[in-house]
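Descriptive structure summary
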Amino acid sequence: MLVAEAVAATLAELGADTAFGVVGSGNFHVTNALRARGVRFIAARHECGAASMADAWARMTGTPGLLSVHQGPGLTNALTGITEAAKSRTPLVVLAPDVAGAAVRSNFRIDVAAVAAAVGAVPERLHSPQSAVADAVRAWRTAARQRRTVLLAMPLDVQAAACDPPAVPAELPLLPAAPAAGAAAALAGLLAGAERPVFVAGRGARGAGPELERLAAACGALLATSAAAKGLFRCGPWDLDVCGGFATPLAAELIGGADLLVAWGCSLNMWTTRHGRLIAPGCRVVQVDDDAAAIGAHRPVQLGVLGDAGTTARAVADALAAGPGAGAAAGGPGRDGEGVGYRTASLRERIAREGRWREVPYADDGEPDRIDSRTLSIALDDLLPAERIVAVDSGNFMGYPSMFLSVPDTHGFCFTQAYQSVGLGLASAIGSAIARPGRLTVAALGDGGALMGISELETVVRLGLPMVIVIYDDEAFGAEVHHFRPDGHPLDTVTFPPADLAQIGRGFGCDGVTVRRREDLAQLKRWLDGPRERPLVIDAKVTAKRGSWWLEEAFRGH
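Residues numbered from 1 in each chain as written. Predicted model: local features only at pLDDT ≥ 70, side-chain atom pairs only at ≥ 80, totals over all residues. Heavy atoms only, no water.

**With respect to the layout of surface pockets**
- The space that makes up the second largest pocket amounts to roughly 320 Å³.
- Breaking the lining of the second largest pocket down by element, the ones donating at least two residues are helix H15 (373-383), helix H16 (399-404) and helix H23 (549-557).
- Here the residues of the lining of the second largest pocket sort into 10 nonpolar, five polar and seven charged. (1 Å grid on protein atoms, 1.4 Å probe; cavity = no way out; pocket = protein on both sides within 12 Å on 5 of 7 lines; lining within 4 Å. Points joined across faces, edges and corners; volume = space filled by probe spheres on them. Helix = DSSP H or I, 4+ residues; strand = E, 2+ residues; numbered from the N terminus. Nonpolar A, V, L, I, M, F, W, Y, C, P; charged D, E, K, R; others polar.)

Right, dumping it as structure tokens:
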């Protein structure tokens, strides 16, 4: 058996069932070997798109993604998507062919390990035909166990060599990391003494929603998430939705009024805390994470607890139930812990009235030929089915779909923003749609990001994905316009002539509509009611009078 075949067989046995990529000579054989082992291969039109698809697929499924690229330019083309995955701690294995050791003058020679390290990924390598299976196993298990993006360099001469592959070593069961008993007791003591506790759950707590809700009910905590974990507590009466720049005025007020804030798998970076302004003086901060390096990395904390979010929440609930005032651990005197801690009947009613952006009054900035992004997003939320995935690109527009479009749960939101790159949104929507085909996927893009990633519209059409692609089209790189306009700088480098993006969509084989006012979305209603034979591109001509609220907040923070 050739090494390329052995590596493919090993990855399939370890659980790989879907791979994304663009095929060249360097990864031709390993990609075909994966397919021969039953691994579905999704061909993208650009390697960066393939990387973003694999990243989103891994986020939506909770299992490592698999990316296959050509050596040299195949890897460097994919690098922005790989960097996003690495910074997001997405479990992802990149099959990165490399030139043969003797090919010292090859145009394709780059330092793959240095590239991996530079973007925060883990460098691995097929060292020899004899070690290839063990090398592949190590790469996969690093991705799965440590939630890391791994670049597995695959020299062409090693790939082409014969080997006698050993059996894949059995996977040892790994229990989630439990906190030290003293740490759980210390957190339980802080919760028992808090009058206004707030939990903020991040990406690292996406699987721990039920445990966190039970503990929050026991101590009377309000619930919020980072943007990456939006939807985790969806539909709960004590859910404040997203903490940070996207927080509603009510959420900002209540989080800012906390006397104890507990971060669960959440880094508490400047975006989540509004540069620290959401944490009031005197508020005690606790951080729970299974990565010791993450605790206190962005701001000082009064208590750090090393452990898995769900396991820790259960341990703290047990400690709280065993301590003084244990009656509260059953959920308090009212429903869902009402009457305990921050949870009062009047606050429950206020959250129901003011807890979502669509309930916050605003002055519509729409013009005769341009729709307000808030009006557009609220109308979309009303029309789109509840079982949806919202995948959001980066840019000035991004707060509108992120806050006004509701999602059914945390697997309904794909937010590739760790690297803040424009242009990844359409591809991440494709990966999300493939991971969860039972939901309608909505790609929310700005015109700049849409045009950067436009080649993947062909992939959407070729795969027959019934996707809605909404483009918030202000004919500019809006963030730069609103950042530099107040100082009088010329803006001709960041503003562009009008483009008929609906017609471009039709050219790729999509249905396309242009929206300038709310009534134009009747075309979306007809598409939703119809057979949905083709993807739908909505070119929404949005007003550009001012920057979005979150952008102004971010710029003030800088």
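Having seen it, we continue.
**Remarks on the environment of Ala280**
- With respect to the helices and strands, Ala280 occurs in the loop between helix H12 (270-273) and strand E11 (284-289).
- Under the relative-accessibility criterion, Ala280 is labelled partly exposed at 22%.
- Through-space distance from the C-alpha of Ala280 to that of Ala143 is 37 Å; in sequence the pair is 137 residues apart. (Buried < 20%, exposed > 50% of the residue type's maximum accessible area, 1.4 Å probe, protein only.)

**Considering the pairing of E11**
- Among the six residues in E11, five count as buried, and that is most of the element.
- Bridge count for strand E10 (residues 260-264) against E11 is five bridges, and the pairing is parallel. Note on E11: the bridge partner recorded for Leu261 is Val285.
- Pairing of E11 with strand E12 (residues 303-306) involves four bridges; the strand directions are parallel. Its bridge partner being in E12, Asp289 is matched across the sheet by Leu306. (Pairing = 2+ DSSP bridges.)

**Observations concerning the packing of aromatic side chains**
- One pass over the full model with this rule turns up seven aromatic pairs.
- Centre to centre, the rings of Phe477 and Phe496 are 5.4 Å apart; their planes meet at 85°, and the pair counts as edge-to-face. Residue Phe477 is found in the loop between strand E16 (468-473) and helix H20 (478-484), and its partner Phe496 is found in the loop between H20 and helix H21 (501-508); the two are separated by 19 residues along the sequence.
- Through a chain of ring-to-ring contacts, the aromatic side chains of Phe246, Phe413 and Phe415 assemble into a single cluster.
- Over the ring of Phe413 we find Lys230, and its NZ or CZ is 5.9 Å from the ring centre. (Phe/Tyr/Trp six-rings, centres within 6.5 Å; stacked < 30°, edge-to-face > 60°. Lys NZ or Arg CZ within 6 Å of the ring centre and 35° of its normal.)

**As for the packing of helix H1 (residues 3-14) against helix H2 (residues 28-36)**
- Running from amino to carboxyl end, H1 crosses H2 at an angle of 40°, the nearest separation of the two axes being 8 Å. Classed by the angle they form, the pair H1 and H2 counts as oblique. Judged by the twist between their axes, the crossing of H1 over H2 is right-handed. Counting all contacts with H1, which are made through Ala4, Glu5, Ala8 and Leu11, the residues of H2 involved are His29, Val30, Ala33 and Leu34.
- By residue class, the composition of the contact of H1 with H2 is six nonpolar, one polar and one charged. (Axes fitted to C-alpha atoms, helices over the stretch in contact; angles between N-to-C directions. Parallel < 35°, antiparallel > 145°, perpendicular 65-115°, else oblique. Left-handed = near helix turned anticlockwise from the far one by under 90°. Contact = heavy atoms within 4.5 Å.)

**Some details on the side chain of Asp474**
- In this fold, Asp474 is placed in the loop between E16 and H20.
- Of the side chains with opposite charge, Arg370 lies nearest to the buried Asp474, which makes no salt bridge, at 7.0 Å.
- Reaching out from Asp474, the side chain makes a polar contact with the backbone nitrogen of Ala476 at a distance of 3.2 Å.
- When neighbours within four sequence positions are excluded, Asp474 is seen to be in contact with Arg370, Asn396, Asp447, Val542 and Ala544. (Lys, Arg positive; Asp, Glu negative; His and termini not counted. Salt bridge = Lys/Arg side-chain N within 4 Å of Asp/Glu carboxyl O. Polar contact = N/O pair within 3.5 Å; in protein donor to acceptor, adjacent residues only side chain to side chain.)

**Looking at the pattern of salt bridges**
- Here the structure, examined in full by the defined rule, presents 31 salt bridges.
- For Arg348, the salt bridge identified is with Glu338, shortest N-O distance 2.7 Å. With Arg348 in helix H14 (residues 345-354) and Glu338 in the loop between helix H13 (309-322) and H14, this residue pair connects regions lying 10 residues apart in the sequence.
- For Arg348, a relative accessible area of 11% corresponds to the buried category.
- Taking relative accessible area as the criterion, Glu338 reaches 17% and is therefore assigned buried.

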